[in-house]
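Structural characterization, general
What follows is each chain in one-letter form.
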Amino acid sequence: MNNIAEQVEKETRQENKENFIYLLGKGKELVNIFYSTLKTAFLYEPNNDAFLKQINPLMSIIEIIIRQEEELSLSTKDGYLFLNQARLRFDFESYVAIRFIMELFQKLKLYKFSLESGIDQEEMQNFIYILVQFDSNVDDPYTSLENKVYENNIKHLHLEKEIPSSESHQILLDKRKLAKKTFFKAISVVKETSQKAMSNKEINFVKVKRVVQSLVDQILQNEEIFLELSSLKNYDEYTYVHSANVCIYSLFMGLRLGLSKRELSELGVASLFHDIGKVKLPLELLNKPTSFNESEWVKMRKHPVIGVKNLLTSLKLEPSSIRAIMVSFEHHLNIDLTGYPQLKDNRELNLYSRIISIADAYDAMTSGRVYSKTPIPPDEALKRMFYSRDKMHDSVLLKFFINMLGVYPVGSLVLLSDGKMGLVIKNNPENLTSPQVKIIADPQGLKDSYQSVDLNKISQSSEEDVESCKIVKCLDPQKYNLDLSQFIL
Ligand SMILES: [Fe+2]
Ligand SMILES: [Fe+2]
């Protein structure tokens, strides 16, 4: 008897496992098709061939899932997207799609939509056009969405409103711990490889690739923690930390640009090595607290070419090392080639160099180590980069970068209208002027414990204190002698 019960239980477990794997596979397919259908609907009318080419496969996958599962729901919770009960993995092939869908849910204050058996193409098409034409600036996006679904007579679709996040404090702490470990591991790998390059020894390329891989995996899970970590600039061995920061900003861009797994790995490796030519420069020069004179600049400007030599000596030639060599050579050329080293002929910078030079300039400016010796607040750095966009950077990628970091990038110190001082810890993609901030001081002085507030939520509430909780301006932490790392680490 017992044996039969055990057997049934084992079979059920096996079935559940198979079903889960099935859902994960179908989920990936579904989110990618759903995403491309939404994107097509932004550009084309419903009767256009381009749209029909998308909606047909979307309907077939919806039918397949409903037939197998009897239901199909997409929901978000604690920063994840679920197909029915299965949590979809953020992986390279579906990252852009999952992110887009989650941001859409957030904008609509939507927790879940479920499709029932019987849903037809017309209903789905109406739903898609409601989504792409939706004005999320209305007072109550969810109710407005619900009304539109009702008006369009979409009977086989059910919506559920967003519920507050239930992620426990412990889970958040564990995520932070793991993120910090990965970040510092990246720094130590940069340090180790730089020292190898200094003595012309072979670099362990596999180790570098592995650390980039774990950075990507971790960034996929804990984006904002990595943005916080790279907003810290006051480490002792800044040259190594800088490379890890540039790697993180570059990977963020690469992920959003939809680069493949292999491309992300190449981009990450190239960003970690971009300044490897500096290892041969004297430390006093690198750490010089005041501005460089002309002869010091002459030395500094050699690091891209020294980097090329270092990498050629220390790495085996293969596609990813060649990419890294190109980036070392090109990362200070500027988009109009007015930078260094000087070139005789015209050339177009490769994509990785264009991405990395933006991440590099932003980190260098905000840390105040190389080009200007005092750190520039994040919002000011973005402004300066924007003003010199046609000379220095690929303007499309730069706009993309600015959009990604937000008006007040993570790590910005801001003054609120009620006199409190806050540190930006997370941006709200749907409202870039109202991020989440950690309150670190009030007019009476620094606080002992720090409370996090979501300015976006306050701005939407009807309470009286809305006006008193807006960002007035960015502050310069140096002026207040503040070490922001104590609030982040
Ligand atoms: Fe550099
Ligand atoms: Fe750099």
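Everything quoted here is computed from the prediction, not taken from an experiment.

**Thoughts on the nonpolar core**
Note that soluble globular proteins tend to have their nonpolar side chains buried in a common cluster. Ranked by internal contacts, the top residues of the largest apolar core, which has 103 residues, are Ala 186, Leu 215, Ala 244, Ile 248 and Leu 251. Broken down by element, the residue count for this core peaks at eleven residues, all from helix H9 (residues 238–256). Setting aside anything within four residues of it in sequence, one finds Leu 215 in contact with Thr 182, Ala 186, Cys 247, Ile 248, Leu 251 and Gly 268.

**Points about helix H2 (residues 49–69)**
If you check H2, its first and last C-alpha atoms are 30 Å apart, about what 21 residues at 1.5 Å a residue would give, namely 30 Å. Of all the residues in H2, the buried ones are Gln 54, Leu 58, Ile 62 and Ile 65. Around the axis of H2, the buried residues are gathered within 65° of arc, so they sit on the same side. Turned more than 90 degrees away from the buried face of H2 sit Asp 49, Asn 56, Ser 60 and Arg 67, all of them exposed. Two residues or fewer past H2, Glu 70 is found with a positive phi of approximately 70°.

**Re unusual backbone geometry**
Cis geometry is found at the peptide bond from Tyr 340 to Pro 341, where omega equals -5°. Relative to the helices and strands, Pro 341 resides in the loop between helix H14 (319–330) and helix H15 (351–367). Even without being a glycine, Asn 153 presents a positive backbone phi close to 60°. For Asn 153, the position within the fold is in the loop between helix H5 (141–151) and strand S5 (157–161). We note that Asn 200 has phi near 55°; this positive angle belongs to a residue other than glycine. Positionally, Asn 200 belongs in the loop between helix H6 (169–198) and helix H7 (205–221).

**Brief notes about the packing of H15 against helix H16 (residues 378–387)**
The geometry of H15 relative to H16 is characterised by a closest axis approach of 9 Å and an angle of 135° between their N-to-C directions. On the basis of their axis angle, the class for H15 and H16 is oblique. The chirality of how H15 crosses H16 is right-handed. Along the contact surface, H15 presents Ala 361, Tyr 362, Met 365 and Thr 366, while H16 presents Pro 378, Ala 381, Arg 384 and Met 385. Residue composition of the contact of H15 with H16, grouped by class: six nonpolar, one polar and one charged.

**Re the sheet that holds strand S7 (residues 421–426)**
Spatially, the five strands line up as an open sheet ordered S9-S8-S7-S6-S10, and their pairing is antiparallel. Bordering the open sheet on either side are strand S9 (445–454) and strand S10 (471–475), each of which pairs with just one other strand. Neighbour-to-neighbour, the strand axes of the sheet open up by a mean angle of 35°, direction not taken into account. Looking at chain direction, S7 and strand S8 (residues 436–442) are connected through five bridges and run antiparallel. What sits directly across from Gly 422, in S8, is Ile 439.

**Description of the pairing of S8**
Looking at chain direction, S8 and S9 are connected through six bridges and run antiparallel. Residue Asp 442 lies in a different strand from S9, and its bridge partner there is Gly 445.

The rules behind the values
Residues numbered from 1 in each chain as written. Chains lettered and ligands numbered in written order. Predicted model: local features only at pLDDT ≥ 70, side-chain atom pairs only at ≥ 80, totals over all residues. Core = buried A, V, L, I, M, F, W, Y, C linked by C-beta atoms within 7 Å. Buried ≥ 20, exposed ≤ 12 C-beta atoms within 10 Å, placed from the backbone. Helix = DSSP H or I, 4+ residues; strand = E, 2+ residues; numbered from the N terminus. Contact = placed C-beta atoms within 7 Å. Expected span 1.5 Å × (residues − 1). Arc of directions from axis to C-beta. Axes fitted to C-alpha atoms, helices over the stretch in contact; angles between N-to-C directions. Parallel < 35°, antiparallel > 145°, perpendicular 65-115°, else oblique. Left-handed = near helix turned anticlockwise from the far one by under 90°. Nonpolar A, V, L, I, M, F, W, Y, C, P; charged D, E, K, R; others polar. Pairing = 2+ DSSP bridges.

These figures come from the coordinates and say nothing about function on their own.
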